[in-house]
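# Examination of the molecular architecture
One-letter residues, chain by chain:
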Amino acid sequence: MSHATISQSISIVHPISLSHGKNAEVWDTTGKRYIDFVGGIGVLNLGHCHPGVVEAIREQATKLTHYAFNAAPHAPYLELMERISAFIPVGYPVSGMLTNSGAEAAENALKIVRGATGRTVVIAFDGAFHGRTLATLNLNGKVAPYKQKVGVLPGPVYHLPYPSADNGVTCAEALKAMDRLFSVEIDVSDVACFIIEPVQGEGGFLALDIEFAQALRRFCDTNNIPLIADEIQSGFGRTGQRFAFSRLGIEPDLILLGKSIAGGVPLGAVVGRKPLLDNLPKGGLGGTYSGNPIACAGALATLDAMTDAHLKTWGSQQEEAITRRYHAWRTQGLCAYLGRMTGVGAMRGIELVNADGTPASKQLTQLLELARDAGLLLMPSGKSRHIIRLLAPLTIEPAVLEEGLDILEACLRQLA
Ligand SMILES: Cc1ncc(COP(=O)(O)O)c(C=O)c1O
């Protein structure tokens, strides 16, 4: 089909036209089958057309397809917020609001912390990704392509190095950069929030250093600065737990949700400490579609399926399969470009590097094409687009997962 009616500023990783999907498999309009290791970029932790989600959407569509919550509240929104509050593993009472997307959740979080603190400075991290809207662009720790040609962005925003065993940046280095920031660039009393991904998604599936996370938590407590965790990609079971911040032993003050929250229906949320969330004037938060009843029904069915036992089993099965195969490939010397494996749980990245350690971005592009031709959809990540990010549904059948990894192995072997 022609793309003439589509903006050429949308970059398309796989130039195919999808028709339908079932759990971890999708088919294009020519009938070709693909194993899906992209999952709609982390949206389909429960797979394509999860029966519980489909049934909930279908049933809701016969009852109430839409109402703007600010005009008149409806049961699915109220029920979902209660379920989400119970699902967020923190010791304080959780409240929040629903949005249409992840970026909209991040946007609203910026407004919420401005309202709560009376301050405006945001501290984000190198390699971060928080969205494509005007204010979230500036939070991203990557210029090309997001910040190009759009002029002056809303600020002020400062970035710190993101410490992780996966990128070699240490906790001490990040803390030193923080010291410098507050002695050279800005006064700590002007800071409205820190925003951080517990595992960076777009940045290359880098798991945050635990010592740094705890030092950052203490710093925020001492200076009365809200700490926002962006769990849009790492949440809802991706790392084998409900949310990736649990691994860090900290409680964020606000948490951003999106992607796999509703099994494929557009929905996001900002949740956290109630005293932070109640400061903007009435009408300061909301939106026509945010918390649409059909999206809420999808999210309620998602939460029904995401028991802790399921998340643990799914996460560990996928992690075991990926890490076993990766280590075998390393031992065999399968591919000269095979670099480090990054991430935690089932949120795994595989780096491609040249002999001198520089990113092998060209080979990753080649791999995406080889794999697609062979029936496997993959997604790149990392500043240099040299890290494969593995986001297969958590519900993928073990045989389909192995089949996908077999294709990946065969394609890695062919890289020139
Ligand atoms: C960590 C993170 N935050 C925010 C976003 C933006 O979400 P959305 O694309 O739903 O606006 C993304 C999307 O990839 C993300 O991975």
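Quick notes on the rules
- Residues numbered from 1 in each chain as written.
- Predicted model: local features only at pLDDT ≥ 70, side-chain atom pairs only at ≥ 80, totals over all residues.
- Heavy atoms only, no water.
- Pairing = 2+ DSSP bridges.
- Helix = DSSP H or I, 4+ residues; strand = E, 2+ residues; numbered from the N terminus.
- Right-handed = clockwise from strand over helix to strand, strands pointing away.
- Phe/Tyr/Trp six-rings, centres within 6.5 Å; stacked < 30°, edge-to-face > 60°.
- Buried < 20%, exposed > 50% of the residue type's maximum accessible area, 1.4 Å probe, protein only.
- Axes fitted to C-alpha atoms, helices over the stretch in contact; angles between N-to-C directions.
- Left-handed = near helix turned anticlockwise from the far one by under 90°.
- Contact = heavy atoms within 4.5 Å.
- Nonpolar A, V, L, I, M, F, W, Y, C, P; charged D, E, K, R; others polar.
- Domains from an automatic or database assignment.
- Buried area = accessible area lost by both parts, 1.4 Å probe.
- Salt bridge = Lys/Arg side-chain N within 4 Å of Asp/Glu carboxyl O.
- Polar contact = N/O pair within 3.5 Å; in protein donor to acceptor, adjacent residues only side chain to side chain.

## Describing the pairing of strand β6 (residues 157-160)
Pairing analysis gives 4 bridges linking strand β5 (residues 121-125) to β6, with the strands arranged parallel. Among the inter-strand pairings, F125 is bridged to a residue of β6, identified as L160. Handedness of the crossover joining β5 and β6 through helix α5 (residues 134-139): right-handed.

## Topic: the packing of aromatic side chains
Remark: the centre distance and the inter-plane angle together describe each pair of aromatic rings, the angle taken between the planes. Summed over all chains, the structure comprises 11 aromatic pairs. For the ring pair F87 and F236, a centre distance of 5.7 Å and an interplane angle of 15° mean the geometry is stacked. Placement of F87 in helix α3 (residues 75-87) and of F236 in the loop between β10 (227-230) and β11 (254-257) is noted, with a sequence separation of 149 residues between them. Each member of the pair, F87 as well as F236, carries the same accessibility label: buried. Ring geometry for F243 against F245: centres 6.2 Å apart, planes inclined by 10°, an arrangement best described as stacked. A residue is classified by how much of its surface remains accessible, and F243, at 0% relative accessible area, is buried. Accessibility expressed as a relative area gives 2% for F245, which makes it buried. Members of the aromatic cluster, each reached through a chain of ring pairs, are F87, F236, F243 and F245.

## Re the packing of α3 against helix α9 (residues 293-305)
Relative to each other, α3 and α9 sit at 35°, their axes nearing to 9 Å. The crossing of α3 and α9 is left-handed. Contacts between α3 and α9 involve P76, Y77, E79, L80, R83, I84 and F87 from the former and P293, C296, A299, L300, L303 and D304 from the latter. Of the residues that constitute the contact of α3 with α9, the class distribution is 10 nonpolar, no polar and 3 charged.

## Topic: the pairing of strand β1 (residues 18-22)
On a regular strand, each side chain points to the face opposite its neighbour's, so the side chains alternate between the two faces of the sheet. Pairing of β1 with strand β2 (residues 25-28) involves 4 bridges; the strand directions are antiparallel. Along β2, the bridge assignment pairs H20 with W27. In sequence, β1 turns back onto β2 through a hairpin of 2 residues, with N23 there showing a positive phi of about 50°.

## Focus on the domain arrangement of the chain
Assigned domains of the chain: these are domain 1 (18-50 + 308-415) and domain 2 (52-306). A straight line from the C-alpha centre of domain 1 to that of domain 2 covers 26 Å. Facing 34 residues of domain 1, the contacting portion of domain 2 comprises 39 residues. Together domain 1 and domain 2 conceal approximately 2800 Å² of surface at their shared face, both sides included; 57% is due to carbon and sulfur atoms. It is H50, L311 and M347 in domain 1 that bury the most area against domain 2; as a group they hold 24% of the surface buried on that side. Taken together, the links from domain 1 to domain 2 amount to 2 salt bridges. Run the count over domain 1 and domain 2 and you get 23 residue pairs in polar contact (both at pLDDT 80 or more).

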